Amino acid sequence: MALPVYASPLERAWRVTYLVICTLIFLFLIAPIIIVIPLSFNAEPYFTFSSGMMRGDPDAYSLRWYDRLITFGMQSPDAPRDGAFWADFWNNAAWMRAAKNSVIIGIFATLLATTLGTIAALGLTRPEMPCRKQIMAVLISPMIVPIIISATGMFFFYSATQVPYPSTEGVGWMRLAGSYLGIIMAHAALGIPFVIITVTATLSGFDQSLVRAAASLGANPRVAFFRVVMPLILPGVVSGALFAFVTSFDEVVAVLFIASPDQQTIPRQMWNGIREQISPAILSVATLLVVISILLLTTVELLRRRSERLRGISS
């Protein structure tokens, strides 16, 4: 917002200083992320800028590490890029398997976290709900407790827990530790606090008289929720779901504790790559994740503005 015309020279100088300080802080925070992007196009197998890159030599830049993401783990990485090659990529490429696991786990964890988090937020915003602050503190504790402690607790709990599942012999028993169900439940537990916070913030400006008006017109609670409440809080629900998905997509500590060796996700594949084979291909993955994060955060910001317009907070 621009300063008024009657602002003093001291106020104008402070505004310029404030903008400079904010810009420097922003650059300090974003520089380690931005520096990864040009390094991912390095033609040399190093994590530093080569002399050719510093001179702007086009030959110093290459897509070899992005191609490495495609061919790593394939049975025939040098085969012609035909249908058989892409079938090999889909079935055997290490990064492709990790991406499929991350997406599948993230989607199911997001659905579970969004459902449970939205229900919890609806209950916590009701004035007759007892011990709301205490319950809220417990539900958002995964955001506060160090992840290593949460992962350790999940490991011991899942190792001693078995759940029934249908099998060819009837009903079998599956241990949560080392199963996809256990990973999904763990990621959902970590994503629920983000859903609760965003949905609760949306419900804080919700006009409850709309629900009473719907009831006076003959709508039962289910119809009133899906026809009146849900459309208005949908931006907050979607924002919480996006945060839950990003949390699941980026989680590595819980996966290291709970998942079996063949259940690789993208963060775990990056972890293994750093420990076992240091390759600039990791920079290519990091660049792709930065782009995905920017797109998701842009979506969250657009949803936030839409929510404010629906509630009449801003024009």
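Please read these numbers as outputs of a predicted model, since none were measured by experiment.

Quick look at the overall build of the protein
Regarding its fold elements, the protein presents 15 helices and two strands. For 315 residues, the compact-globule estimate of 2.2 N^0.38 gives 20 Å, and the protein exceeds it by more than 25% at 25 Å. Seen through its principal axes, the protein has C-alpha atoms that stretch 80 × 70 × 40 Å. Counting only contacts in the protein whose residues sit at least 6 apart along the sequence, the fraction spanning at least 24 positions is 58%.

Looking at unusual backbone geometry
Its identity as a non-glycine residue notwithstanding, Cys131 has a phi of 55°, on the positive side. Among the secondary structure elements, Cys131 is positioned in the loop between α6 (94-124) and α7 (132-139).

Section: the side chain of Thr118
Here Thr118 shows up in helix α6. Sequence-distant contacts of Thr118, that is, excluding residues within four places in its chain, are made with Ala113, Val195, Val199 and Val237.

Examining a nonpolar patch on the surface
On the surface, Met143, Ile144, Val145, Ile148, Ile149, Phe155, Phe156, Ile197, Leu256, Phe257 and Trp271 cluster together into a nonpolar patch covering about 1000 Å² of accessible area. Among the secondary structure elements, those contributing two or more residues to the nonpolar patch are α8 (141-144), α9 (147-159) and α13 (253-258). Of the residues forming the nonpolar patch, the biggest block, four residues, is contributed by α9. Its location among the elements puts Met143 in helix α8.

Remarks on the packing of aromatic side chains
Following the criterion strictly, the structure yields nine aromatic pairs and no others. Between Trp86 and Phe89, the aromatic rings sit 5.7 Å apart at their centres with planes inclined by 90°, giving edge-to-face as the arrangement. On the criterion of helical spacing, the pair formed by Trp86 and Phe89 is a turn pair, its members being three residues apart in helix α5 (residues 83-92). Overall, the relative accessible area of 39% leaves Trp86 in the partly exposed class. Take Phe89: its relative accessible area is 17%, and that puts it in the buried class. Ring geometry for Phe155 against Phe156: centres 5.4 Å apart, planes inclined by 70°, an arrangement best described as edge-to-face. You can call Phe155 partly exposed: its relative accessible area is 33%. For Phe156, a relative accessible area of 58% puts it in the exposed group. An aromatic cluster is present here, built from Phe85, Trp86 and Phe89 joined pairwise through their rings. Against the face of Trp90 rests Lys100, its NZ or CZ located 4.5 Å from the ring centre.

Some thoughts on the packing of helix α11 (residues 209-216) against helix α12 (residues 221-250)
Remark: α11 packs on α12, axes separated minimally by 10 Å, with the N-to-C direction vectors making an angle of 155°. Taken together, the axes of α11 and α12 lie roughly antiparallel to each other. Handedness of the crossing formed by α11 with α12: right-handed. Contacts from Leu210, Val211 and Ala214 of α11 reach α12 at Ala224, Val228, Val229 and Leu232.

Some remarks on the layout of surface pockets
Sizing a probe to match a water molecule and rolling it over the atoms shows the empty space that remains. Space inside the largest pocket adds up to approximately 360 Å³. In terms of lining, the largest pocket is formed by 17 residues, of which the most central are Leu122, Arg126, Gln208, Val211 and Val229. Broken down by secondary-structure element, the contributors of at least two residues to the lining of the largest pocket are α6, α11 and α12. Considering each element in turn, the lining of the largest pocket owes the most residues, four residues, to α12. Elements that contribute at least two residues to the lining of the second largest pocket include exactly α4 (64-71), α6 and α15 (281-310).

Some thoughts on the packing of helix α10 (residues 180-203) against α12
Between α10 and α12, the least distance of the axes is 8 Å, while the angle of their chain directions is 155°. Between α10 and α12, the interaxial angle falls into the category roughly antiparallel. As α10 packs across α12, the resulting crossing turns out to be right-handed. Between α10 and α12, the contacting residues are His187, Leu190, Gly191, Phe194, Val195, Thr198, Val199, Thr202 and Leu203 on the first element and Leu232, Ile233, Gly236, Val237, Ser239, Gly240, Ala241, Phe243, Ala244, Thr247 and Ser248 on the second. For the contact of α10 with α12, the class distribution of residues is eleven nonpolar, nine polar and no charged.

Looking at the nonpolar core
Membership of the largest hydrophobic core comes to 20 residues, with the highest contact counts inside it found for Leu69, Trp95, Leu242, Ile266, Met270 and Val285. At the level of secondary structure, the elements contributing two or more residues to this core comprise α2 (36-39), α6, α12, α14 (266-276) and α15. Not counting the four nearest positions on each side in its chain, Trp95 is found in contact with Leu69, Phe72, Ile266, Gln269, Met270 and Val285. Grouped together as the second largest cluster of nonpolar side chains are 18 residues, Ala120, Ala188, Ile196 and Ile233 included.

Some thoughts on the confidence of the model for the protein
When the pLDDT values of the protein are averaged, the result is 85; 95% of them are 70 or greater. Per-element confidence in the protein is highest for α6, whose mean pLDDT is 92, and lowest for strand β2 (residues 170-175), whose mean pLDDT is 70.

Parameters and conventions
- Residues numbered from 1 in each chain as written.
- Predicted model: local features only at pLDDT ≥ 70, side-chain atom pairs only at ≥ 80, totals over all residues.
- Heavy atoms only, no water.
- Helix = DSSP H or I, 4+ residues; strand = E, 2+ residues; numbered from the N terminus.
- Rg over C-alpha atoms; globule rule 2.2 N^0.38 Å.
- Contact = heavy atoms within 4.5 Å.
- Patch = residues over 30% accessible without salt bridge, like charges linked within 9 Å, V, L, I, M, F, W, Y side chains within 5 Å.
- Areas by Shrake-Rupley, 256 points an atom, 1.4 Å probe, with all protein chains shown as cover.
- Salt bridge = Lys/Arg side-chain N within 4 Å of Asp/Glu carboxyl O.
- Phe/Tyr/Trp six-rings, centres within 6.5 Å; stacked < 30°, edge-to-face > 60°.
- Buried < 20%, exposed > 50% of the residue type's maximum accessible area, 1.4 Å probe, protein only.
- Lys NZ or Arg CZ within 6 Å of the ring centre and 35° of its normal.
- Axes fitted to C-alpha atoms, helices over the stretch in contact; angles between N-to-C directions.
- Parallel < 35°, antiparallel > 145°, perpendicular 65-115°, else oblique.
- Left-handed = near helix turned anticlockwise from the far one by under 90°.
- 1 Å grid on protein atoms, 1.4 Å probe; cavity = no way out; pocket = protein on both sides within 12 Å on 5 of 7 lines; lining within 4 Å.
- Points joined across faces, edges and corners; volume = space filled by probe spheres on them.
- Nonpolar A, V, L, I, M, F, W, Y, C, P; charged D, E, K, R; others polar.
- Core = buried A, V, L, I, M, F, W, Y, C linked by side-chain atoms within 4.5 Å.
- pLDDT = per-residue confidence, 0-100.

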